Amino acid sequence: FIVSANYFIAAPTSASYAARVGSDSSIASIIIGMTSVAALVSTLLYSWWTSYSYKSALIFASACCVIGNLLYASGLPCHSLSIVMLGRLLTGFGSARSINRRYIADSYSQSERTTASAAFVTASALGMA
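Residues numbered from 1 in each chain as written. Predicted model: local features only at pLDDT ≥ 70, side-chain atom pairs only at ≥ 80, totals over all residues. Heavy atoms only, no water.

K.L.:
Where do I start with the side chain of Thr50 in this structure?
P.N.:
As for its placement among the helices and strands, Thr50 is situated in the loop between helix H3 (28-49) and helix H4 (54-78). Residue classification places Thr50 among the buried positions, given a relative accessible area of 4%. Separated by 3.4 Å, the side chain of Thr50 and the backbone oxygen of Ser47 make a polar contact. The residues contacting Thr50, other than those within four sequence positions of it, are Ala57, Ile99 and Arg102. (Helix = DSSP H or I, 4+ residues; strand = E, 2+ residues; numbered from the N terminus. Buried < 20%, exposed > 50% of the residue type's maximum accessible area, 1.4 Å probe, protein only. Polar contact = N/O pair within 3.5 Å; in protein donor to acceptor, adjacent residues only side chain to side chain. Contact = heavy atoms within 4.5 Å.)

K.L.:
What is the right way to read the confidence of the model for the chain from this model?
P.N.:
The predicted coordinates ought not to be read in detail in places where the model reports low pLDDT. Summarising the model, the chain shows a mean pLDDT of 88, and 95% of its residues fall at 70 or more. Mean pLDDT in the chain bottoms out at helix H1 (residues 2-9), which sits at 70, and peaks at helix H5 (residues 81-93), which reaches 94. (pLDDT = per-residue confidence, 0-100.)

K.L.:
Would you take a moment to explain the nonpolar core for this structure?
P.N.:
One recurring pattern in soluble globular proteins is that nonpolar side chains are buried together. Core analysis: the biggest nonpolar cluster contains nine residues, these being Ala38, Tyr46, Trp49, Ala57, Ala61, Cys64, Phe93, Ala96 and Ile99. What Ala61 contacts, discounting residues up to four positions off in sequence, is Tyr46, Phe93, Gly94, Ala96 and Ile99. (Core = buried A, V, L, I, M, F, W, Y, C linked by side-chain atoms within 4.5 Å.)

K.L.:
Is there a simple way to explain the packing of aromatic side chains in this structure?
P.N.:
What characterises a pair of aromatic rings is the spacing of the ring centres plus the angle enclosed by the ring planes. Inspection of every chain in the model, using the stated rule, returns six aromatic pairs. Geometrically, the ring pair formed by Tyr46 and Phe60 is edge-to-face, given 6.4 Å between the ring centres and 75° between the ring planes. Here Phe60 lies in helix H4 and Tyr46 lies in helix H3, a separation of 14 residues in the sequence. Judged by its relative accessible area of 1%, Tyr46 is buried. A connected cluster of aromatic rings, assembled from ring pairs, spans Tyr46, Trp49 and Phe60. Note that Arg88 overlies the ring of Tyr72, its terminal NZ or CZ placed 5.5 Å from the centroid. (Phe/Tyr/Trp six-rings, centres within 6.5 Å; stacked < 30°, edge-to-face > 60°. Lys NZ or Arg CZ within 6 Å of the ring centre and 35° of its normal.)

K.L.:
When you look at the environment of Ser107 in this model, what are you seeing that I'm missing?
P.N.:
With respect to the secondary-structure elements, Ser107 resides in helix H6 (residues 97-107). Along the sequence, Ser107 and Cys64 sit 43 residues apart, while their C-alpha atoms lie 25 Å from each other.

K.L.:
Can you help me understand unusual backbone geometry in this one?
P.N.:
When glycine is set aside, most residues are seen to have a negative phi, and most peptide bonds are trans. Phi angles above zero are rare outside glycine, and His79 is one such case at about 55°. With respect to the secondary-structure elements, His79 resides in the loop between H4 and H5.

K.L.:
What is the right way to read the pattern of salt bridges from this model?
P.N.:
Any two side chains of opposite charge can pair if their charged atoms end up close together. Using the criterion set out here, one finds one salt bridge in the structure. Of the charged contacts in the structure, one is a salt bridge between Asp106 and Arg102, with a shortest N-O distance of 3.0 Å. Of this pair, Asp106 and Arg102 both sit in helix H6, four residues apart, which is roughly one turn of that helix. Judged by relative accessible area, Asp106 falls into the partly exposed class, the value being 47%. With relative accessibility at 27%, the residue Arg102 sits in the partly exposed group. (Salt bridge = Lys/Arg side-chain N within 4 Å of Asp/Glu carboxyl O.)

K.L.:
Would you explain the state of the cysteines in this entry?
P.N.:
Two cysteines, two sulfur atoms, one covalent bond between them: this is a disulfide. Applying the stated criterion to the full structure yields zero disulfides. Note on Cys64: no disulfide assigned, nearest cysteine sulfur contributed by Cys65 at a separation of 8.6 Å. Judged by its relative accessible area of 7%, Cys64 is buried. The class of Cys65 is buried, set by a relative accessible area of 10%. (Disulfide = S-S within 2.5 Å.)

Following this line, the structure appears as C-alpha cells:
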C-alpha cells in the first residue's frame, strides 16, 4: 500500500516541486519516471535475489524506500534537484512488488494463488486512491 502511494504521490506536485528546488517544471516527468526506471531495474535484481532470500531482499527494499522518501523530502530544504532525483530513484528500488509476487508464486498452492494475488493487487490499488 505505502509503496503504491509513493509512486503516485509525486505526480500531482512534481512540477511545482521542481520549480521550488530551482529547476524547470518540465523536469517533472523525469522526477516521476525515476521511480519506474529504478523499479524496472530492481525487478531484475530482486528476481535473482529472492532465489536465495526473501528476508534480506525485503529489508533492502524497505531501507531503500525509507531513505528514498527522506531524500525526496530533503530536496526542498536543501534546494537540490539531485537529492530529489536520488530520492525518487531509491524509492523505486524500494518497490517490493516483484518480491511479493515471487513469494506468492513460491509459497501458495496453485488453488490459493488467485486469492493471494487478488489481496495483493487490492492492497496495492489502495495506494493509488
